[in-house]
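# Report on the structure
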2 protein chains.
Amino acid sequence: MKSTLLSAAAVAPAPPADPRAPTPALPDFELIELLFFAYRDFVGEPDRLLERHGFGRAHHRVIHFINRHPGLTVAELLDILEITKQSLARVLKDLIHGDFVEQKAGAEDRRQRLLFLTDKGRALADGLAAMQHQRITRAVAAIGPEHRPMIARFLAELIDKERGAAPATALSTP
Amino acid sequence: MKSTLLSAAAVAPAPPADPRAPTPALPDFELIELLFFAYRDFVGEPDRLLERHGFGRAHHRVIHFINRHPGLTVAELLDILEITKQSLARVLKDLIHGDFVEQKAGAEDRRQRLLFLTDKGRALADGLAAMQHQRITRAVAAIGPEHRPMIARFLAELIDKERGAAPATALSTP
DNA sequence: AAAATTACGTCAATGATGTTGACATATTTC
DNA sequence: GAAATATGTCAACATCATTGACGTAATTTT
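Each value, and the rule that gives it
Residues numbered from 1 in each chain as written. Chains lettered and ligands numbered in written order. Predicted model: local features only at pLDDT ≥ 70, side-chain atom pairs only at ≥ 80, totals over all residues. Heavy atoms only, no water. Helix = DSSP H or I, 4+ residues; strand = E, 2+ residues; numbered from the N terminus. Contact = heavy atoms within 4.5 Å. Near = heavy atom within 4 Å. Polar contact = N/O pair within 3.5 Å; in protein donor to acceptor, adjacent residues only side chain to side chain. Nonpolar A, V, L, I, M, F, W, Y, C, P; charged D, E, K, R; others polar. Pairing = 2+ DSSP bridges. Salt bridge = Lys/Arg side-chain N within 4 Å of Asp/Glu carboxyl O. Phe/Tyr/Trp six-rings, centres within 6.5 Å; stacked < 30°, edge-to-face > 60°. Buried < 20%, exposed > 50% of the residue type's maximum accessible area, 1.4 Å probe, protein only. Axes fitted to C-alpha atoms, helices over the stretch in contact; angles between N-to-C directions. Parallel < 35°, antiparallel > 145°, perpendicular 65-115°, else oblique. Arc of directions from axis to C-beta.

## A look at the overall build of chain A
- Scanning chain A from N- to C-terminus turns up seven helices and three strands.
- Put simply, 55% of the contacts in chain A that link residues at least 6 apart link residues at least 24 apart.

Spelled out as structure tokens, the structure:
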């Protein structure tokens, strides 16, 4: 008897939002639960690869963003991840000791530690991204690629707005 | 200088998948990152409400599924959450002691502990669901409600398939 | 040039959530 | 009666997060 998640979510019909409804409409349990299960499986597969290196989800996030923005500073990474210096320090130390990440002093500001992936780090990052990419690609194919912009828009709308309309160029991919 | 996440994700253009590309297409970093940020904010807001009760995300998941499926057994809940008995026991104890959840012995099988929310528990569950519902509703409105089925389909496709095609009726909402 | 600020590293302590494995108890099933 | 099942509980541990304090080097301000 395996989990009934999928069925549980799938079984629940979308509450047809009645515009005249005086009582608050039922919560959209279907999408709430789909988000939960989708995200869990979306990160679960990478988790299993990371385990082989003794890493966790936190390491994944770090190498992902260093991969995306080579030369990222520690402060920028803290801003992106919204965690504390301590939390980052631990996983960063693991990644540096394991030769997945290297640091270089900033050219202009030599206090800064610019972060880069080593070849080894890039290989791991690419492997993890490939897993998530494939999963996404399958899902996009299922709904038809022409609907991909809608997905992006929907997800973007879920994100808190007050954040990061800031320096759009600061981290632009070179 | 706040986080550059949103912009970082938004800035990256979707790699136009070239069908003839011999080299593997670039990972879909945009959707990968949007999923990360969207999920973080999606659960972040409830987290702040839960904090006031001294609860965490694990408590949220438990009361959510008990709310959805009153009379759920412990074993069923374990199947849904895919955590261990110990992990569940801790949060369940908190919720029972705090009078958010109550247990009743099963009528047919008296070994089972059927789980129900108290009025207090239902109030909290509803409050949490309302937050997530509003966020989703805003996002659905932004893309046009006619595209909601596409979102549901996309998310469902992200979920591991091998699971839970099983007893679709077992947990059907009464 | 001295003072203040910034970027980063690190230490200690703590909390929430997850894990494994073992064992006890009540109940149902064979 | 024996075996299997549903649940509870104990001990020990791992990961990822937190706060607060302090130190050092480099840059900026005065």
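Structure's up, so let's keep going.
## A short note on the protein's contact with DNA strand C
- In the vicinity of DNA strand C, 24 residues are found, and the nearest of them are Lys 85, Gln 86 and Arg 111 of chain A together with Arg 61 and Ser 87 of chain B.
- Within the backbone of Ala 75 of chain A, an N or O atom sits 2.9 Å from a phosphate oxygen of DNA strand C.
- A distance of 2.4 Å separates a base oxygen of DNA strand C from a polar side-chain atom of Arg 111 of chain A.
- Broken down by element, the surface near DNA strand C gets its largest block of residues, four residues, from helix α3 (residues 57-68) of chain B.
- For the surface near DNA strand C, a count of residues per class yields four nonpolar, nine polar and 11 charged.

## Some thoughts on the sheet that holds strand β1 (residues 72-73) of chain B
Residue and element names in this part refer to chain B.
- The sheet built from three strands is open, its strands ordered β1-β3-β2 with antiparallel pairing. Strand pairing shows two members of the sheet lacking a second neighbour, β1 and β2 (101-105), which therefore form its edges.
- Bridge count for β1 against strand β3 (residues 113-117) is two bridges, and the pairing is antiparallel. Across the sheet, Thr 73 pairs through a bridge with Leu 114, a residue of β3.

## A word on the protein's contact with DNA strand D
- Looking at DNA strand D, there are 24 residues lining it, with Gly 56, Arg 61 and Ser 87 of chain A together with Gln 86 and Arg 111 of chain B nearest.
- Backbone sugar and phosphate groups make up 55% of those atoms of DNA strand D lying within 4 Å of the protein.
- Separating a phosphate oxygen of DNA strand D from a backbone N or O atom of Thr 84 of chain A is a distance of 2.7 Å.
- Gln 103 of chain B is positioned with one of its side-chain polar atoms (N or O) 3.0 Å from a phosphate oxygen of DNA strand D.
- Put simply, the parts of the chain that give the surface near DNA strand D at least two residues each are α3 (57-68) and α5 (85-97) of chain A together with α4 (74-81) and α5 (85-97) of chain B.
- Across the surface near DNA strand D, the residue classes break down as four nonpolar, nine polar and 11 charged.

## Side note on the side chain of Glu 30 of chain A
- The topology assignment puts Glu 30 of chain A in helix α2 (residues 29-51).
- A polar contact is formed between the side chain of Glu 30 of chain A and the side chain of Arg 148 of chain B, at a distance of 2.8 Å.

## Considerations on the pairing of strand β3 (residues 113-117) of chain A
- Pairing of strand β2 (residues 101-105) of chain A with β3 of chain A, which is carried by five bridges, proceeds in the antiparallel orientation. Paired with Lys 104 of chain A across the two strands is Leu 114 of chain A, which belongs to β3 of chain A.

## Looking at the pattern of salt bridges
- Here the structure, examined in full by the defined rule, presents 22 salt bridges over all chains.
- Its salt-bridge partner being Glu 82 of chain A, residue Arg 40 of chain B comes within 3.8 Å of it at the nearest N-O pair. Taken together, the positions of Arg 40 of chain B in helix α2 (residues 29-51) and Glu 82 of chain A in the loop between α4 (74-81) and α5 put the pair across two chains.
- Between Glu 45 of chain B and Arg 135 of chain B there is a salt bridge; the shortest N-O distance is 3.0 Å. One end of the pair, Glu 45 of chain B, is in helix α2; the other, Arg 135 of chain B, is in helix α6 (residues 119-143), with 90 residues separating them in the sequence.

## Some remarks on the sheet that holds β2 of chain A
- If you trace the three strands from one edge of the open sheet to the other, you get β1-β3-β2 (chain A), paired in antiparallel fashion. One side of each edge strand has no neighbouring strand; the edge strands of this open sheet are β1 (72-73) and β2 of chain A.

## Brief notes about the environment of Ala 152 of chain B
- Counting through the fold element by element, Ala 152 of chain B comes out in helix α7 (residues 148-158).
- In contact with Ala 152 of chain B, other than residues within four places in its own chain, are Glu 30, Leu 31 and Leu 34 of chain A.

## A look at the packing of aromatic side chains
- For the coordinates displayed, the defined rule picks out 11 aromatic pairs over all chains.
- Seen in terms of ring centroids, Phe 37 of chain A and Phe 65 of chain B are 5.9 Å apart; in terms of plane orientation they differ by 35 degrees. Their pairing is tilted. Here Phe 37 of chain A, found in helix α2, pairs with Phe 65 of chain B, found in helix α3, and the two come from separate chains. As far as the burial class goes, Phe 37 of chain A and Phe 65 of chain B line up, both buried.
- Site record: aromatic cluster; members linked through ring pairs are Tyr 39 and Phe 42 of chain A together with Tyr 39 and Phe 42 of chain B.

## Section: the packing of α3 of chain B against α6 of chain B
Residues and elements named next belong to chain B.
- Put simply, α3 and α6 touch, their axes get as near as 9 Å, and they point 100 degrees apart. By the angle between their directions, the pair α3 and α6 is classed as roughly perpendicular. In this structure, α3 uses His 60, Ile 63 and Asn 67 to contact α6, whose residues at the interface are Gly 121, Arg 122, Leu 124, Ala 125, Asp 126, Leu 128 and Gln 132.
- For the contact of α3 with α6, the per-class residue count stands at four nonpolar, four polar and two charged.

## Quick word on α4 of chain A
Residues and elements named next belong to chain A.
- Taken together, the buried positions of α4 are occupied by Leu 77, Leu 78, Ile 80 and Leu 81. For α4, the buried positions fall inside an angular range of 165 degrees around the axis, keeping them on one side.
- In the stretch just after α4, Glu 82 is the one whose phi turns positive, near 55 degrees.

## With respect to the environment of Leu 72 of chain A
- Tracing the backbone through its elements, the reader meets Leu 72 of chain A in strand β1.
- A C-alpha to C-alpha distance of 8.2 Å links Leu 72 of chain A and Arg 113 of chain A, two positions 41 residues apart in sequence.

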